[in-house]
Amino acid sequence: MEVFAQQLINGLTLGSIYGLIAIGYTMVFGIIGMVNFAHGDVFMVSAFIAMIFFLLLTTWLGIASIALALLLVLVLAMLMTALWGWTLERLAYRPLRGSFRLAPMISAIGVAIFLANFVQVSQGARNKAVPPIVTDVIVLFERNGYAVALSYKQIIIMSVTAVLLTAFWFVVTRTSLGRAQRACEQDRKMAALLGIDVDRTISLTFVLGAALAAVAGTMFFLYYGVVGFTDGFIPGVKAFTAAVLGGIGSLPGAVLGGLIIGLVETFWSAYFSIEYKDVAAFSILAIVLIFMPSGILGRPEVEKV
Amino acid sequence: MSAAVQNPEAAGQPLLSVRGVKTYYGNIIALKGIDIDVNEGEIVTLIGANGAGKSTLMMTIFGNPRAREGTITYAGRDITRLPTHEIARLNIAQSPEGRRIFPRMTVYENLQMGAAINKFAWFEQDLERVTTMFPRLKERLHQRGGTLSGGEQQMLAIARALMSRPKLLLLDEPSLGLAPLVVKQIFDVIRELNTKDGMTIFLVEQNAYHALKLAHRAYVMVTGAITLSGTGRELLEDPQVQAAYLEGGR
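Residues numbered from 1 in each chain as written. Chains lettered and ligands numbered in written order. Predicted model: local features only at pLDDT ≥ 70, side-chain atom pairs only at ≥ 80, totals over all residues.

The name given to chain B in an unreviewed UniProt entry is Branched-chain amino acid transport system ATP-binding protein, and the organism recorded there is Pseudochelatococcus contaminans. Its UniProt record gives chain B the following Sequence similarities (unreviewed entry) comment, quoted word for word: "Belongs to the ABC transporter superfamily." (UniProt positions renumbered as here; feature names shortened; annotations may be inferred.)

Chain A appears in an unreviewed UniProt entry as Branched-chain amino acid transport system permease protein from Pseudochelatococcus contaminans. Recorded in UniProt under Sequence similarities (unreviewed entry), the annotation for chain A is "Belongs to the binding-protein-dependent transport system permease family. LivHM subfamily."

**Student:** Where do I start with the overall build of chain A in this structure?
**Tutor:** When you go through chain A residue by residue, the secondary structure sums to 11 helices and 4 strands. At 20 Å, chain A has a C-alpha radius of gyration in line with the 19 Å of a compact globule built from 305 residues. Each principal axis of the C-alpha distribution contributes one length, and for chain A these read about 65 × 50 × 35 Å. Burial statistics for chain A: of 305 residues in total, 48% are counted as buried. A separation of at least 24 residues holds for 74% of the contacts in chain A among residues at least 6 apart in sequence. (Helix = DSSP H or I, 4+ residues; strand = E, 2+ residues; numbered from the N terminus. Rg over C-alpha atoms; globule rule 2.2 N^0.38 Å. Buried ≥ 20, exposed ≤ 12 C-beta atoms within 10 Å, placed from the backbone. Contact = placed C-beta atoms within 7 Å.)

**Student:** Just checking my understanding: could you explain the overall build of chain B for this structure?
**Tutor:** The secondary structure content of chain B amounts to 10 helices and 10 strands. Principal-axis analysis of the C-alpha atoms places the extent of chain B at approximately 45 × 40 × 40 Å. Buried residues in chain B amount to 47% of all 250 residues. The long-range share in chain B, meaning contacts at least 24 apart out of those at least 6 apart in sequence, stands at 68%.

**Student:** How do you make sense of the interface of chain B and chain A when you look at a structure like this?
**Tutor:** One frequently used descriptor of interface size is the decrease in accessible area upon assembly of the parts. Each side of the interface is counted separately: chain B has 21 residues, and chain A has 18 residues. Element by element, the count of residues in the side of chain B that touches chain A is highest for helix α3 (residues 107-114) of chain B, at 4 residues. Partitioning the side of chain B that touches chain A into residue classes produces 9 nonpolar, 8 polar and 4 charged. (Nonpolar A, V, L, I, M, F, W, Y, C, P; charged D, E, K, R; others polar.)

**Student:** Please explain the pairing of strand β1 (residues 16-25) of chain B as it appears in this structure.
**Tutor:** Regular strands place side chains that alternate from one sheet face to the opposite one. Residue and element names in this part refer to chain B. Judged from the 5 bridges that link them, β1 and strand β4 (residues 69-74) form a sheet pairing that is antiparallel. Paired with K22 across the bridge in β4 is E69. Bridge analysis of β1 against strand β2 (residues 28-38) gives 8 bridges, and the strand direction is antiparallel. If you follow T23 over to β2, its bridge partner there is L31. What sits between the antiparallel neighbours β1 and β2 is a turn of 2 residues, in which G26 has the positive phi angle 65°. (Pairing = 2+ DSSP bridges.)

**Student:** Is there a simple way to explain the pairing of strand β3 (residues 43-48) of chain B in this structure?
**Tutor:** Residues and elements named next belong to chain B. Counting buried residues in β3 gives 6 out of 6 residues, a clear majority hidden from the surface. Looking at chain direction, β3 and strand β8 (residues 200-205) are connected through 5 bridges and run parallel. The residue bridging I47 from the neighbouring strand is E205, located in β8.

**Student:** In this structure, what is going on with the sheet that holds strand β9 (residues 217-222) of chain B? I would like to understand it.
**Tutor:** As a general point, the strands of a sheet are linked pairwise by backbone hydrogen bonds and lie either parallel or antiparallel. Residues and elements named next belong to chain B. Pairing is mixed across the open sheet formed by 6 strands, whose spatial order is β6-β7-β8-β3-β9-β10. Of all the strands in the sheet, the pair left with one neighbour each is β6 (92-95) and β10 (225-231). Strand-to-strand twist of the sheet, defined as the mean angle between neighbouring strand axes without regard to direction, takes the value 15°. Two strands pair when backbone bridges link them, and β6 and strand β7 (residues 168-172) are joined in this way by 4 bridges, in the parallel orientation. Residue pairing for β7: I92 is matched across the bridge by L168. Contacting β3, β6, β7, β8 and β9, helix α1 (residues 54-61) crosses the sheet at an angle of about 150° to β7. Relative to the sheet, helix α7 (residues 180-197) contacts β3, β7 and β8, its axis offset from that of β8 by approximately 155°. (Axes fitted to C-alpha atoms, helices over the stretch in contact; angles between N-to-C directions.)

**Student:** What's the story with the packing of α3 of chain B against helix α6 (residues 150-162) of chain B in this structure? I'm lost.
**Tutor:** Relative placement of two packed helices is described by the angle separating their axes and the distance separating the axes. All names here are of chain B. Running from N to C, α3 and α6 cross one another at 35°; their axes reach a closest spacing of 7 Å. The element α3 and its partner α6 pack so that their crossing is right-handed. Packed against α3, whose contacting residues are V107, N110, L111, M113 and G114, the element α6 presents L156, A159, R160 and A161 at the interface. Broken down by class, the residue content of the contact of α3 with α6 amounts to 6 nonpolar, 2 polar and 1 charged. (Left-handed = near helix turned anticlockwise from the far one by under 90°.)

**Student:** So what exactly am I meant to see when it comes to the sheet that holds β2 of chain B here?
**Tutor:** Residue and element names in this part refer to chain B. As summarised here, the arrangement of the 4 strands in space is β2-β1-β4-β5, forming an open sheet in which the pairing is antiparallel. Of all strands in the sheet, those with a lone pairing partner are β2 and β5 (77-78), marking the two edges. Packed on one face of the sheet, α1 meets β1, β2 and β4 and runs near 70° to β2.

**Student:** Can you walk me through the confidence of the model for chain B in this structure?
**Tutor:** Parts of the model with low pLDDT should not have their predicted coordinates read in detail. For chain B, the average pLDDT comes to 90, and 94% of its residues sit at 70 or higher. Here the predicted complex scores 0.87 on pTM and 0.90 on ipTM. (pLDDT = per-residue confidence, 0-100.)

**Student:** Before we go on, may I ask you to explain the nonpolar core in this structure?
**Tutor:** One recurring pattern in soluble globular proteins is that nonpolar side chains are buried together. Among the nonpolar cores identified, the biggest contains 167 residues, and L212 and A216 of chain A together with A159 of chain B are the most heavily contacted of them. With sequence-adjacent residues up to four places away left out, A159 of chain B is seen in contact with L111, V130, M133, F134 and L137 of chain B. (Core = buried A, V, L, I, M, F, W, Y, C linked by C-beta atoms within 7 Å.)

**Student:** Whenever I open this one, the environment of G30 of chain A confuses me. Can you help?
**Tutor:** Residue and element names in this part refer to chain A. For G30, the position within the fold is in helix α1 (residues 2-32). Its 21 C-beta neighbours within 10 Å are what place G30 among the buried residues. Remark: the alpha-carbon pair of G30 and A192, spanning 162 residues in sequence, is separated by 17 Å. With residues up to four places along the chain from it excluded, the contact list for G30 reads E185 and G249.

**Student:** Sorry if this is basic, but what is going on with the environment of F229 of chain A here?
**Tutor:** Residues and elements named next belong to chain A. In this structure, F229 sits in the loop between β4 (226-227) and α9 (233-246). The spacing of F229 and A92 is 137 residues in sequence and 21 Å in space, taken between C-alpha atoms. In this structure, F229 is in contact with M44, A116, V119, Q120, Q123 and A125, ignoring residues within four places of it in sequence.

**Student:** So what exactly am I meant to see when it comes to unusual backbone geometry here?
**Tutor:** A negative phi angle characterises most non-glycine residues, just as the trans form characterises most peptide bonds. All names here are of chain B. Following N64, the chain continues into P65 via a peptide bond in cis, with omega recorded as 5°. Within the secondary structure, P65 sits in the loop between α1 and β4. Phi at A75 is positive, roughly 50°, even though this residue is not glycine. As for its position among the elements, A75 is in the loop between β4 and β5. The class for A75 is partly exposed, based on 16 C-beta atoms found within 10 Å. In this model, T223 sits at a positive phi of 30°, which is unusual for a non-glycine residue. Inspection of the secondary structure assignment puts T223 in the loop between β9 and β10.

Next comes the structure, spelled out in structure tokens:
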């Protein structure tokens, strides 16, 4: 029971991070039918951006309040990463629009390799670590000498995720920007006939996806305190798995998928073996896809026209 | 809304002018040099068989596919090379072939999409207007577009086009696959838009009889070329047109 409660907390925290990344995959797939393989590395870059700004703000500028520093780091990382997302779309994907379907995906793999190597060269190949940032914990209850704890970090991660997802949900469902985005997703040609600038809308999709990845990157940095240039790959693949599991193209599906993957992984590590946690996560994917080929919340291919 | 122009001949320069337009799909020519004028305040119809290139012309006016040769002028401005969304922002609206309703948006959201170019300035007013025109849409306002019947989708496509308050309305086969009663309703709406609001309408139809009765002027398209033109009445009485498009077709 104690272990279960603790792992539930840990799993939800990890799942929030996966969910935030998964949205970027699912949105881009929804609008241009492309799997953005570079998205995991965009997440990794954002974690580095977060670390660099954190060090700049706390040591150079001497901001003493950690809360203020973290807030600034979050905003700056979102802005900078959004700029990365915009630039990558412009340089690597837009010129290939109208080309064959696989072209932008191959380009995305290239971008992924580029980003990882760029960070390796500019930041060094070793993992960068900072001293633990927020260390306080709340002990929820204690039994048989096992304390179930909720750390401040976990509270921050879960609440920031919840707030930003709500804001994001509002943008997509209630604003004309979100409406234009959904219109392009459903019928690009018609959206253009109604005066929607499709290229601009696609750019904005990349910008939004990158900004949410930056939230995940900042949270990842805050949680683990260690960032390395290879950190984009595994979380990227997990988040992609989450997007497929939830039903690619579905935004609530991406979040749900992220939480499921996070929980499966943590529980497997706790009860079975930590070495096989990735196997467990991917097995769930395989099993779900056998019985629900379009994912948990994905829509079936056939639709009434 | 501009006042109705009763006599189309008096309206000077055409609102839309298509000159020598050739469109290709890959290497296959779809439009072989089209000349068409639509004057302000007119209903102009384009009739022709399946695959003649009528819908291609409608889309070529919007630059998708783009005309490889020739020019398209709208309100005195060359729009041949403009991106599709910028053409739409010049206040031309289209209810395209296949209706193209956003299936996972509600009827209300579909209508909002129609009003996007003028920043929802008259949204409530225009919503009231189109739902009065098509009461079925009012009942279905919060239902997803994909769940509507064919006729309802057609009404929605027209209503969505009207939400932008277009100066020129392009309608591609609004009667396709609809019950006769609904067809009559839709043709009544088109006539009313023209006579009451003075809206200029370019109508593509296979339902030649209704279209020719409604139109001031008409063109006949056969495999990518205009073969006949004249007033609606002239074409209605033309023996060739009667043989090819009207025989038993009314």
